[in-house]
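Structure assessment
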Amino acid sequence: YSAGAASVTLDLQDDQGTSKTALDGSYDLGNGLTVYAGVYVEENTDDEYYVAAGYDLGGGASLLVSYADAGAAGNADDEVGAGDYQLGTTVELSFAF
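A brief report on the enclosed structure follows.

Before going further, it helps to spend a moment on the overall build of the protein. Per the secondary structure count, the protein includes zero helices and nine strands. Expressed as lengths along the three principal axes of its C-alpha atoms, the size of the protein is roughly 50 × 30 × 20 Å. Per-residue burial over the protein gives 20% buried out of 97 residues. Taking all contacts inside the protein whose residues are at least 6 apart in sequence as the whole, residues at least 24 apart take part in 26%. In the form shown here, the protein has an accessible surface area of approximately 6,300 Å², with 52% of it arising from carbon and sulfur atoms.

In structure tokens, the structure reads:
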């Protein structure tokens, strides 16, 4: 679902009797800054969640700061959420030429 600057995605699954739910959202603040948040819940595993912010620095450069947690058991893929955020705190500077 998208409306204006906000976007929300909900994914509900029953994978061979295992319930899986993912909720991802973003909000574009309109000044080059977009915030993201999400949670993933699967039966009998630790919940995963993330928060992130992306900032357009102009000239093809952008900054992304994120924090993702996959609980005590960790995540075998080492990625969380729709943006495939790395576990822990990440600061990423990107340049497009």
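Let us now look at a nonpolar patch on the surface. A contiguous nonpolar patch, built from Tyr1, Val8, Leu10, Leu12, Leu23, Val39, Val41, Tyr49, Val51 and Tyr67 and spanning about 940 Å² of accessible area, is present on the exposed surface. For the nonpolar patch, the secondary-structure elements that each account for two or more residues are strand S2 (6-15), strand S4 (33-42) and strand S5 (48-58). No other element matches the three residues that S2 contributes to the nonpolar patch. Mapped onto the elements of the fold, Val39 is located in strand S4.

Attention now moves to the sheet that holds strand S6 (residues 61-69). Strand order in the open sheet made by the seven strands is S1-S2-S3-S4-S5-S6-S9, with antiparallel pairing throughout. Among the strands making up the open sheet, the edge pair consists of strand S1 (2-3) and strand S9 (88-95). Relative to S6, S5 runs antiparallel, the two being bridged by nine bridges. Within S6, the position partnered with Asp56 by the bridge is Ser62.

Here we take up the nonpolar core. Core analysis: the largest hydrophobic core is formed by seven residues, namely Tyr50, Ala52, Leu64, Ala68, Ala70, Val80 and Tyr85. Of all the secondary-structure elements, those providing two or more residues to this core are S5 and S6.

Another point: the pairing of S2. Relative to S2, S1 runs antiparallel, the two sharing two bridges. Its bridge partner lying in S2, Ser2 is registered against Ser7. Here S1 hands over to S2 after two residues, with Gly4 in that stretch at a positive phi of 60°. As paired elements, S2 and strand S3 (residues 18-28) share ten bridges and run antiparallel to each other. Considered in S3, the bridge of Ser7 is made with Ser26. Taking the residues between adjacent antiparallel strands as the criterion, S2 and S3 are bridged by two residues, where Gln16 takes a positive phi near 50°.

Rules of the game
- Residues numbered from 1 in each chain as written.
- Predicted model: local features only at pLDDT ≥ 70, side-chain atom pairs only at ≥ 80, totals over all residues.
- Heavy atoms only, no water.
- Helix = DSSP H or I, 4+ residues; strand = E, 2+ residues; numbered from the N terminus.
- Buried < 20%, exposed > 50% of the residue type's maximum accessible area, 1.4 Å probe, protein only.
- Contact = heavy atoms within 4.5 Å.
- Areas by Shrake-Rupley, 256 points an atom, 1.4 Å probe, with all protein chains shown as cover.
- Patch = residues over 30% accessible without salt bridge, like charges linked within 9 Å, V, L, I, M, F, W, Y side chains within 5 Å.
- Salt bridge = Lys/Arg side-chain N within 4 Å of Asp/Glu carboxyl O.
- Pairing = 2+ DSSP bridges.
- Core = buried A, V, L, I, M, F, W, Y, C linked by side-chain atoms within 4.5 Å.

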